[in-house]
Amino acid sequence: MSKTKLSFDTPIYVLAPLAGYTDLPFRSVVKKFGADLTVSEMLSSNALVHGSSKTLSMIEKSPNENPYSVQIAGAEVDVIKHAVEILNEQEGIDVIDLNCGCPVPKIVGHGSGSSLLLNLPLMGSIIRTMKDTSNKEFTSVKIRLGFEKKNHIEIAKVVEDSGADFLAVHGRTRAGKFKAAVDYDAIKEIKAAIKIPVIANGDIDSYEKAKWVLEHTGADGVMIGRGAVGAPWIFHQLKSGTKEIDKNIKHAIILEHFDKMIEFYGSYGVVMFRKHLHTYSKGYSGASALRVKINRVVDPHECRSMIDDFFSNSEIVY
């Protein structure tokens, strides 16, 4: 098996899995413009094992996604083992990641996601099984700082001792959902306590914030999710080391994203792109008028022309 281009010699920039957003078109765009690692949307190990065609289609990646990580969720060792065996058959996957952080009640109710933080022996057993079963280069884990309260060092040590190659840490507990302040000090403490690479995650929404988090925590990389929605150029900024982002680069990235959506979803990509366009157009003059117009357009050519015209001629007002 050839080695991937995933190295922790310098900080790495990772696109976080985000349901409904980090599909193949979006991942291919952030990859082209600077992300080091892209991750699939979270897949249910049960759905994989039961042969769900929707779940299998979510594994599909863009040719430029190298290295590429697939994230799975589950709570049963045998099911996870079978899911990893299915992923072993798929070419082009470099990392299998276990989600131990998702706070959504539906996931937690099944014992998956951040629920695993309540049962560290089971979590460790699942990680060991993944590592032993996988034929991929890396096994990684995404965690939170705890369930109700923090026990982040204990969690991180179980992850390391169970054979994971690296770890991504969302700096909140499960109880903190997405609202509580992110505890970057706790991420720093994890980095100091274990030897495997640590990637910091949580509320990293600008070039300056990403740089500060890297410096403050000493982490080996940052993982950006919601901060990249509407601003995928954050990866270009980090990769090129420039705070300022040229309006023309934004324009090119937005059009590239639209083209990839149409390529992947056909004309339905027009409808799916609306939510992205609402975010992209924030801060531009005439944004609200564009949103009203775009909601009526279904033809890809008409829509592309409208987007091209808007971002060519509208001024950034804030």
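Above this text sits the structure in question.
Quick look at the structure, then. (Residues numbered from 1 in each chain as written. Predicted model: local features only at pLDDT ≥ 70, side-chain atom pairs only at ≥ 80, totals over all residues. Heavy atoms only, no water.)

**A short note on the pattern of salt bridges**
Move 1: Scanning the entire structure with this criterion turns up 12 salt bridges.
Move 2: The shortest N-O distance in the salt bridge between Asp 165 and Lys 131 comes to 2.9 Å. One end of the pair, Asp 165, is in the loop between α7 (152–161) and β7 (166–170); the other, Lys 131, is in helix α6 (residues 120–133), with 34 residues separating them in the sequence.
Move 3: Since its relative accessible area comes to 31%, Lys 131 is described here as partly exposed.
Move 4: We note a salt bridge from Arg 226 to Asp 203, for which the minimum N-O separation is 3.6 Å. Of the two residues, Arg 226 sits in the loop between β9 (221–224) and α10 (234–240) while Asp 203 sits in the loop between β8 (198–201) and α9 (207–217), which places them 23 residues apart along the sequence.
Move 5: For Arg 226, a relative accessible area of 48% translates into the label partly exposed.
Move 6: Because the salt bridges share partners, they merge into one network encompassing Arg 172, Asp 203 and Arg 226. (Salt bridge = Lys/Arg side-chain N within 4 Å of Asp/Glu carboxyl O. Helix = DSSP H or I, 4+ residues; strand = E, 2+ residues; numbered from the N terminus. Buried < 20%, exposed > 50% of the residue type's maximum accessible area, 1.4 Å probe, protein only.)

**Side note on the environment of Val 95**
Move 1: As for its placement among the helices and strands, Val 95 is situated in strand β5 (residues 95–100).
Move 2: Considered as a pair, Val 95 and Leu 255 are 160 residues apart in the sequence and their alpha carbons are 29 Å apart.
Move 3: Each residue touching Val 95, except ones within four places of it in the same chain, is listed here: Leu 6, Leu 37, Tyr 68, Ser 69, Val 70, Phe 138, Ser 140 and Phe 166. (Contact = heavy atoms within 4.5 Å.)

**As for the pairing of strand β4 (residues 68–73)**
Move 1: Among the six residues that make up β4, six are buried, leaving the element largely enclosed by the rest of the structure.
Move 2: Here β4 shows no split at all, with Tyr 68, Val 70 and Ile 72 on one side and Ser 69, Gln 71 and Ala 73 on the other all buried.
Move 3: Inspection of the sheet shows strand β2 (residues 37–39) paired to β4 by two bridges, in the parallel sense. Within β4, the residue paired with Val 39 across the bridge is Ser 69.
Move 4: The pairing of strand β3 (residues 43–44) with β4 spans two bridges and is parallel. Opposite Ser 44, over in β4, you have Ala 73 as the bridge partner.
Move 5: Taken together, β4, helix α4 (residues 77–88) and β5 constitute a β-α-β crossover, and its handedness is right-handed. (Pairing = 2+ DSSP bridges. Right-handed = clockwise from strand over helix to strand, strands pointing away.)

**What about the packing of helix α12 (residues 268–280) against helix α13 (residues 287–294)?**
Move 1: One can describe the packing of α12 onto α13 by two numbers: an axis separation of 10 Å at closest approach and a directional angle of 175°. Classified by the angle between their axes, α12 and α13 sit roughly antiparallel to one another. Along the contact surface, α12 presents Arg 274, Leu 277 and His 278, while α13 presents Leu 290, Arg 291 and Ile 294.
Move 2: Residues that form the contact of α12 with α13 fall into these classes: three nonpolar, one polar and two charged. (Axes fitted to C-alpha atoms, helices over the stretch in contact; angles between N-to-C directions. Parallel < 35°, antiparallel > 145°, perpendicular 65-115°, else oblique. Nonpolar A, V, L, I, M, F, W, Y, C, P; charged D, E, K, R; others polar.)

**Things to note about empty space enclosed by the protein**
Move 1: Scanning the model with the defined rule gives one cavity of 30 Å³ or more in all.
Move 2: Roughly 60 Å³ of volume is contained in the largest cavity.
Move 3: Looking at the largest cavity, the residues that line it are Val 14, Leu 37, Val 39, Ser 69, Val 95, Asp 97, Ser 140, Phe 166, Ala 168, Ile 199 and Met 223.
Move 4: Listed by contribution, the elements that provide at least two residues to the lining of the largest cavity are β2, β5 and β7.
Move 5: When its residues are assigned to classes, the lining of the largest cavity shows eight nonpolar, two polar and one charged. (1 Å grid on protein atoms, 1.4 Å probe; cavity = no way out; pocket = protein on both sides within 12 Å on 5 of 7 lines; lining within 4 Å. Points joined across faces, edges and corners; volume = space filled by probe spheres on them.)

**Details of the layout of surface pockets**
Move 1: Put simply, the second largest pocket is a space of about 290 Å³.
Move 2: Lining the second largest pocket we find 15 residues, and of these Asp 205, Ser 206, Tyr 207, Trp 233 and Gln 237 sit closest to its centre.
Move 3: Those elements that place two or more of their residues in the lining of the second largest pocket are α9 and α10.
Move 4: Of the residues in the lining of the second largest pocket, the class split is six nonpolar, four polar and five charged.

**Here's the deal with the packing of aromatic side chains**
Move 1: Tallied over the full model, the rule gives 10 aromatic pairs.
Move 2: Ring centres of Trp 233 and Tyr 280 lie 5.8 Å apart, and the angle between their planes is 35°; this geometry places the pair in the tilted category. Of this pair, Trp 233 sits in the loop between β9 and α10 while Tyr 280 sits in helix α12, and the two are 47 residues apart along the sequence.
Move 3: Accessibility expressed as a relative area gives 2% for Tyr 280, which makes it buried.
Move 4: The structure contains a cluster of three or more aromatic residues connected by ring pairs, namely Trp 233, Phe 258, Phe 273 and Tyr 280. (Phe/Tyr/Trp six-rings, centres within 6.5 Å; stacked < 30°, edge-to-face > 60°.)

Honestly, it's all geometry; don't read function into it.
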